[in-house]
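Listed below, chain by chain, are the residues.
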Amino acid sequence: LRVLQENAIRPIGSTEAGLAAVYSDRLHGRLTANGERYDRGRLTAAHKTLPFGSQVKVTNTKPQMSITVRSNARGPTQAGRILDPSPTAARAIGIHPRGMGEVTAEVVGEAPKLARK
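It should be emphasised that the depicted structure is a prediction, and the values quoted were computed from it without experimental measurement.

Cut-off values and rules
Residues numbered from 1 in each chain as written. Predicted model: local features only at pLDDT ≥ 70, side-chain atom pairs only at ≥ 80, totals over all residues. Heavy atoms only, no water. Phe/Tyr/Trp six-rings, centres within 6.5 Å; stacked < 30°, edge-to-face > 60°. Lys NZ or Arg CZ within 6 Å of the ring centre and 35° of its normal. Helix = DSSP H or I, 4+ residues; strand = E, 2+ residues; numbered from the N terminus. Salt bridge = Lys/Arg side-chain N within 4 Å of Asp/Glu carboxyl O. Buried < 20%, exposed > 50% of the residue type's maximum accessible area, 1.4 Å probe, protein only.

1. Here we look at the packing of aromatic side chains
For the structure shown, the criterion picks out one aromatic pair. Across from the ring centre of Phe52, 4.3 Å away, lies the NZ or CZ of Arg74, which sits over that ring.

Right, here's the structure in full:
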């Protein structure tokens, strides 16, 4: 995988593959990098470079289960990992709540444009 610059624009349809690990429950209620409170029950994920609000289809490669999440945080910081889905998103694609799995991530929607005043 090629390394992307921080805040790089990823066109719809671009994909990457690698490990996903469940975003920590202990961060529940804390502010994420985009300023919202982390809610482990929402379908969100941390990604190193995607613009906040990007829609990403995450597919667990073993049971071929998919879900669409919204990028709202930065991470993961560990080598080889491409994103950290919330526990609810991870469970929906068959990743154990404290585990990790091989996934593909495809950008399926752009971040919403902010209105200028």
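What follows continues from the structure just given.
2. Description of the environment of Leu19
Note on placement: Leu19 falls in strand β1 (residues 15-21). Spatially, the C-alpha atom of Leu19 lies 9.9 Å from that of Gln78, the residues being 59 residues apart in sequence.

3. A closer look at unusual backbone geometry
In the segment running from Gly75 into Pro76, the intervening peptide bond is cis, with an omega of -5°. Structurally, Pro76 can be placed in the loop between β4 (65-73) and β5 (81-85). Even without glycine at this site, Gln64 takes up a positive phi of about 55°. Along the polypeptide, Gln64 turns up in the loop between β3 (55-60) and β4.

4. Observations concerning the pattern of salt bridges
Evaluated as defined, the whole model comprises three salt bridges. The salt bridge involving Arg70 is made with Glu36; its shortest N-O contact spans 3.0 Å. Taken together, the positions of Arg70 in strand β4 and Glu36 in the loop between β1 and β2 (44-47) put the pair 34 residues apart, joining distant regions of the chain. Look at Arg70 and you get partly exposed, because its relative accessible area is 24%. Take Glu36: its relative accessible area is 21%, and that puts it in the partly exposed class. Arg81 is the partner of Asp84 in a salt bridge, and the nearest nitrogen-oxygen pair spans 3.1 Å. With a relative accessible area of 8%, Asp84 lands in the buried category.

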